[in-house]
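Summary of structural features
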Amino acid sequence: MPSIDRGAGCALCRDADPLPFDFSYAFQPIVDVQAREVFAHEALVRGPAGEPASSVLSRITADNRYSFDQACREKAIRIAATLNLQSHLSINFLPNAIYRPEVCIRSTLQAAERHGFPVERIIFETVEGEQVSDGRWLAEILSEYKRIGFKTAIDDFGAGFAGLNLLADFQPDIVKLDMALIRGIDRSPARRAIVAGVVSMCEELAIDVIAEGIETGDEAHCLEDIGIRLMQGYWFARPQFESAVREAGIAWTR
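Read on for a plain summary of the structure.

Each value, and the rule that gives it
Each residue is numbered by its place in its chain's sequence as written, counting from 1. Predicted model: local features are reported for residues with pLDDT of at least 70 only, side-chain atom pairs are reported and counted for 80 or more only, and whole-chain, interface and lining totals are derived from all residues. In computing side-chain values, all of the structure's heavy atoms are included and hydrogens and water are not. Each helix corresponds to a stretch of at least 4 residues labelled H or I by DSSP, and each strand to a stretch of at least 2 residues labelled E; elements are numbered beginning at the N terminus. Burial classes: relative accessible area under 20% of the type maximum marks a residue as buried, over 50% as exposed, and values in between as partly exposed (1.4 Å probe, protein chains only). Note on contacts: a residue pair is in contact if any heavy atoms of the two residues lie within 4.5 Å. Here, Shrake-Rupley sampling with a 1.4 Å probe gives the accessible areas, and only protein chains in the shown set may cover a residue. Any Lys or Arg side-chain nitrogen located within 4 Å of an Asp or Glu carboxyl oxygen qualifies as a salt bridge. Buried residues of nine kinds, namely Ala, Val, Leu, Ile, Met, Phe, Trp, Tyr and Cys, make up a nonpolar core once their side-chain atoms join them within 4.5 Å. One bridge is not enough; two strands pair if DSSP finds at least two bridges between them. A helix is expected to span 1.5 Å multiplied by its residue count minus one. Centre distance within 6.5 Å is the pairing criterion for rings of Phe, Tyr and Trp, where only the six-membered ring of Trp is used; planes under 30 degrees apart are then read as stacked, over 60 as edge-to-face, and the remainder as tilted. Only Lys NZ and Arg CZ are tested; either one counts as a charge over a ring when it is within 6 Å of the ring centre and within 35 degrees of the ring normal.

A separate point is the overall build of the protein chain. Check the secondary structure of the protein chain and you find 10 helices and nine strands. The buried share of the protein chain, reckoned over its 254 residues, is 52%. Long-range pairs, those at least 24 residues apart, make up 70% of the contacts in the protein chain with a sequence separation of at least 6. Entry remark: accessible area of the protein chain is about 11500 Å², with carbon and sulfur atoms responsible for 49%.

A word on the pattern of salt bridges. Taken as a whole and assessed by the stated rule, the structure comprises 14 salt bridges. Its salt-bridge partner being Asp22, residue Lys75 comes within 2.9 Å of it at the nearest N-O pair. Of this pair, Lys75 sits in helix α3 (residues 65-82) while Asp22 sits in the loop between α1 (9-14) and β1 (24-32), and the two are 53 residues apart along the sequence. The partly exposed category is assigned to Asp22, whose relative accessible area is 46%. When the shortest N-O distance is used, the salt bridge between Lys176 and Glu42 registers 3.0 Å. Within this pair, whereas Lys176 is found in strand β6 (residues 174-177), its partner Glu42 is found in strand β2 (residues 37-46), the two being separated by 134 residues in sequence. A network of salt bridges, in which partner residues are shared, links Glu42, Glu125, Lys176 and Glu212.

Right, let's get into the nonpolar core. One finds Tyr25, Leu89, Leu223, Ile228 and Met231 to be the most contacted residues of the largest nonpolar core, which totals 66 residues. Beyond its immediate chain neighbours, meaning those up to four positions away, Leu89 contacts Phe27, His41, Ala43, Ala76, Ile77, Ala80, Phe117, Arg121, Ile122 and Ile123. Ile30, Ala40, Ile123 and Ala153 belong to the second largest nonpolar core, which has eight residues in total.

The element strand β5 (residues 151-157) is extensively covered by neighbouring structure, given that six of its seven residues are classed as buried. Examined bridge by bridge, strand β4 (residues 122-126) and β5 share three bridges and lie parallel to one another. Bridge pairing in β5 places Phe124 opposite Thr152. Judged from the three bridges that link them, β5 and β6 form a sheet pairing that is parallel. Bridge pairing in β6 places Ala153 opposite Ile174.

A few words now on α3. The end-to-end C-alpha distance of α3, which contains 18 residues, comes to 26 Å, matching closely the 26 Å that a straight helix rising 1.5 Å per residue would cover. Of the positions making up α3, those classed as buried are Tyr66, Ser67, Phe68, Asp69, Gln70, Cys72, Arg73, Lys75, Ala76, Ile77, Ile79 and Ala80.

What follows is about the packing of aromatic side chains. The geometry of an aromatic ring pair comes down to the distance between the two centres and the angle between the two planes. Applying the stated criterion across every chain yields a total of nine aromatic pairs. Here Phe124 and Tyr145 contribute two aromatic rings whose centre-to-centre distance is 4.9 Å and whose plane-to-plane angle is 45°, an arrangement assigned as tilted. Residue Phe124 is found in strand β4, and its partner Tyr145 is found in helix α6 (residues 135-148); the two are separated by 21 residues along the sequence. Judged by its relative accessible area of 0%, Tyr145 is buried. Geometrically, the ring pair formed by Phe124 and Phe150 is edge-to-face, given 5.0 Å between the ring centres and 70° between the ring planes. Linking Phe124 in strand β4 with Phe150 in the loop between α6 and β5, this pair joins segments that are 26 residues apart in sequence. Ring-pair connections join several aromatic residues into one group, and the members of that group are Phe21, Phe23, Tyr25, Phe27 and Phe68. One cation-aromatic arrangement involves Lys75 over Phe23; the distance from NZ or CZ to the ring centre is 4.6 Å. Directly above the aromatic system of Tyr234 lies the positively charged group of Arg238, at a separation of 4.0 Å from the ring centroid.

Here we take up unusual backbone geometry. The phi torsion at Arg36 lies on the positive side, around 55°, for a residue other than glycine. Structurally, the position occupied by Arg36 is in the loop between β1 and β2. Positive phi, close to 50°, is recorded for Glu242, a residue that is not glycine.

A separate point is the pairing of β2. Counted residue by residue, β2 has nine buried out of 10 residues, so it is predominantly covered. Across nine bridges, β1 lies against β2 in antiparallel orientation. For Val31, the partnering residue across the bridge sits in β2 and is Val38. Between β1 and β2, which pair antiparallel one after the other, the connecting turn spans four residues, and Arg36 there sits at a positive phi close to 55°.

Honestly, that's just the spatial picture; any functional story needs more than this.
Pasting the structure below:
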């Protein structure tokens, strides 16, 4: 991460102009195939009428990144509370938009209190595609979130930066396996061996594993046989705009 004045970050967020665009969320379930229940819903950014995420993310700039990150948290919590979600809520965040984690998290805590959503049911996961070169800074952010009571997750584990170096500095509650490892795993001995190794390592570190991007029943069955119980993907349910899929709407593996 480039050298930045972290003390200036709060002023940049506080004094920023209102976002020049609106957005909302779709929610995709993360299921526990053993308990046959929804473990969490991941909040996925969408346009105000359900437009693709790219229509929103393309409008993020260095000038509005901070206020967008804060607005995302508040809106995800507000909609989840309106939907009366009883599962965990997984929120992506922008590590490069955070200067002092203990300060930047205040608005999230206020939103959780205002909408009556328990802090312990909020998961913060590193956002897909966000480039972070300072692993120790990311570990510091996640450690502070975990100390406060949030759950933490490393997304896209096994791809790019989000890998073993970060895991050595910080052990999150959850790692989400990169979907490239999941695709066709039932037909790939190499992928099965790699994923089984990650599962074994995470068990030793007391870290839960989520397999995401599951598109076939064969992939789901294979992952369950390896020992993964938390899964996410189109096979189970597609994201629902401003709505949540309940257990009755899940395509269970067995």
